[in-house]
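The chain contents come next:
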Amino acid sequence: EDTLLEYVQDLFDNHVVPTIKQQGGDVEHQKCVLLYDCYSVHRSHDVLCELKTRFPTLIVLFVPASCMGELQPLDLAFFSIFKSGLARLC
């Protein structure tokens, strides 16, 4: 659990917050989505409570079990197109 929380803290400190600031956003109010698989540590009550405490604007969503393989094609078919569209807007 501690390793997971350290990872999310590092992610926020070194990627999320700088990106929000770079784009002129409000770090205190900007919503952020964290997409997880259903691994038991990710769904732990203690972890979810700590994430909510540390990152009140974080929305945690779970991919249903056994669906990651089915969703993998979205990396190329959707997310790359979506990211390039966002890059053109920013």
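Everything below is about the structure shown above.
Residues numbered from 1 in each chain as written. Predicted model: local features only at pLDDT ≥ 70, side-chain atom pairs only at ≥ 80, totals over all residues. Heavy atoms only, no water.

A. Quick look at the pairing of strand β2 (residues 58-62). Summarising the sheet, strand β1 (residues 32-36) and β2 pair through five bridges and their orientation is parallel. Within the sheet, the bridge partner assigned to Cys-32 lies in β2 and is Leu-58. Crossover β1 to β2 through helix α2 (residues 45-54) is right-handed. (Pairing = 2+ DSSP bridges. Helix = DSSP H or I, 4+ residues; strand = E, 2+ residues; numbered from the N terminus. Right-handed = clockwise from strand over helix to strand, strands pointing away.)

B. Molecular detail of the nonpolar core. Residues Val-8, Phe-12, Leu-51, Phe-55 and Leu-58 are the most contacted members of the largest nonpolar core, which totals 14 residues. If you list the elements that add at least two residues to this core, you get α1 (2-22), β1 and α2. Here this core gets seven residues from one element, more than from any other, and that element is α1. Apart from the residues lying within four places of it in its own chain, the contact partners of Leu-51 are Leu-5, Val-8, Leu-58 and Val-60. (Core = buried A, V, L, I, M, F, W, Y, C linked by side-chain atoms within 4.5 Å. Buried < 20%, exposed > 50% of the residue type's maximum accessible area, 1.4 Å probe, protein only. Contact = heavy atoms within 4.5 Å.)

C. Representation of the packing of α1 against α2 in the model. Between α1 and α2, whose axes approach to 11 Å, the crossing angle comes to 25 degrees. The angle between α1 and α2 falls in the class roughly parallel. Helix-helix and strand crossings are classified by hand; for α1 and α2 the assignment is right-handed. Only Val-47, Glu-50, Leu-51 and Arg-54 of α2 make contact with α1, whose side of the interface consists of Leu-4, Leu-5, Val-8 and Gln-9. Its residues assigned to classes, the contact of α1 with α2 shows five nonpolar, one polar and two charged. (Axes fitted to C-alpha atoms, helices over the stretch in contact; angles between N-to-C directions. Parallel < 35°, antiparallel > 145°, perpendicular 65-115°, else oblique. Left-handed = near helix turned anticlockwise from the far one by under 90°. Nonpolar A, V, L, I, M, F, W, Y, C, P; charged D, E, K, R; others polar.)

D. Spatial organisation of the pattern of salt bridges. Scanning the model with the defined rule gives one salt bridge in all. Across the salt bridge formed by Arg-54 and Glu-50, the nearest N and O atoms sit 2.9 Å from each other. Note that Arg-54 and Glu-50 are positioned in helix α2 at a spacing of four residues, about one turn of the helix. Overall, Arg-54 belongs to the partly exposed group, its relative accessible area being 37%. (Salt bridge = Lys/Arg side-chain N within 4 Å of Asp/Glu carboxyl O.)

E. Just a negative patch on the surface, in detail. A surface patch of like charges, here negative, comprises Glu-1, Asp-2, Glu-6 and Asp-46. Its place among the elements puts Glu-6 in helix α1. Looking at Glu-6, the relative accessible area reads 55%, which means it is exposed. (Patch = residues over 30% accessible without salt bridge, like charges linked within 9 Å, V, L, I, M, F, W, Y side chains within 5 Å. Areas by Shrake-Rupley, 256 points an atom, 1.4 Å probe, with all protein chains shown as cover. Lys, Arg positive; Asp, Glu negative; His and termini not counted. Charge placed at Lys NZ, Arg CZ, Asp CG, Glu CD.)

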